[in-house]
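What follows is the residue order along each chain.
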Amino acid sequence: MAPHFSPALFRFLADLEANNDRDWFQANRDRYAEQVQEPALAFIIDFAPRLAAISPHFRAVAKVQGGSLFRIQRDTRFSKDKTPYKTNTGVQFRHQRAKDAHAPGYYLHLEPGQCFMGVGLWRPETALAYRIRERIAEDPAGWKGATKPEKFTDVFSLRGESLLRPPRGFDAAHPLIDDLKRKDFIASAALTEEQVTDESFLDLFADRCRRATPFMAFLCGAVGVEF
């Protein structure tokens, strides 16, 4: 299989960072479609059967809007930074019951000099975060089994922000207190541009998603959705 992504994707994103305005983007819209959007949609299509083999409850939707590919346009309504476009390409494979990005999912981030993939939940709402913490406290062996095996830690590292103090209702002396204090229940794995543009990248991405199965299954169980 030919590579889905090419160095041209990263050149476009670098050029966009240097020329982040609507006039430049409109003049280069065809280039964006050919070098970024179309390869990403093809990747989503080809990953779909592999994702279904990992779990039938996650979706790979190859649509320009409302699918697995994030929009290139930034939401600038509440930001001091008014540059109109993202300088990365984001792809998320969401749970079928997810209403937004704050639910278990698989994520791919492509950006010059900063590529990575992620799994889990970023900044879940308070009620969901409490349920995950409760599950960790009640089933520490299950949490360790999801986050400590070598096949997981060889690739992924737990990331994200944490509370400064133990969450209300949890013992500060709990042996997993550092995990109970997490605001984000995510793990990420760094990628190089060489890996992303290699013909084997689809295999590599699928393998890493499979390695995260115990982690994703634990989180899905904690928030009450199927895996």
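Below is a short write-up of the structure.

Definitions and cut-offs
Residues numbered from 1 in each chain as written. Predicted model: local features only at pLDDT ≥ 70, side-chain atom pairs only at ≥ 80, totals over all residues. Heavy atoms only, no water. Helix = DSSP H or I, 4+ residues; strand = E, 2+ residues; numbered from the N terminus. Rg over C-alpha atoms; globule rule 2.2 N^0.38 Å. Areas by Shrake-Rupley, 256 points an atom, 1.4 Å probe, with all protein chains shown as cover. Lys, Arg positive; Asp, Glu negative; His and termini not counted. Charge placed at Lys NZ, Arg CZ, Asp CG, Glu CD. Buried < 20%, exposed > 50% of the residue type's maximum accessible area, 1.4 Å probe, protein only. Contact = heavy atoms within 4.5 Å. Pairing = 2+ DSSP bridges. Axes fitted to C-alpha atoms, helices over the stretch in contact; angles between N-to-C directions.

## Notes on the overall build of the chain
Phase 1: Along the backbone of the chain there are ten helices and five strands.
Phase 2: A compact globule built from 227 residues should have a C-alpha radius of gyration of about 17 Å, and the chain, at 19 Å, falls within 12% of that.
Phase 3: In terms of its C-alpha atoms, the chain occupies a principal-axis envelope of roughly 60 × 45 × 30 Å.
Phase 4: Carbon and sulfur atoms form 48% of the exposed surface of the chain, whose accessible area is close to 11800 Å².
Phase 5: Positive and negative side-chain charges of the chain, numbering 32 and 30 respectively, have mean locations separated by a distance of 7 Å.

## A word on the side chain of Q35
Phase 1: Structurally, Q35 is set in helix α3 (residues 29–54).
Phase 2: Residue classification places Q35 among the buried positions, given a relative accessible area of 19%.
Phase 3: In this view, Q35 contacts A8, L9 and F12; residues no more than four positions away in its chain are not counted.

## Some details on the sheet that holds strand β3 (residues 115–121)
One key point about sheets: their strands pair by backbone hydrogen bonds, in either a parallel or an antiparallel sense.
Phase 1: Spatial ordering of the open sheet is given by β1-β2-β3-β5-β4, a layout of five strands whose pairing is antiparallel. Across the chains shown, the open sheet's two edge strands, defined by having one partner strand only, are β1 (89–94) and β4 (157–159). The average undirected angle you get between the axes of adjacent strands in this sheet is 25 degrees.
Phase 2: Bridging between β4 and strand β5 (residues 185–191) involves three bridges; their strand directions are antiparallel. Bridging across to β5, S157 finds its partner in S188.
Phase 3: In the packing of helix α10 (residues 213–223) onto the sheet, the strands contacted are β2 (105–110), β3, β4 and β5, and the crossing angle to β3 comes to about 35 degrees.

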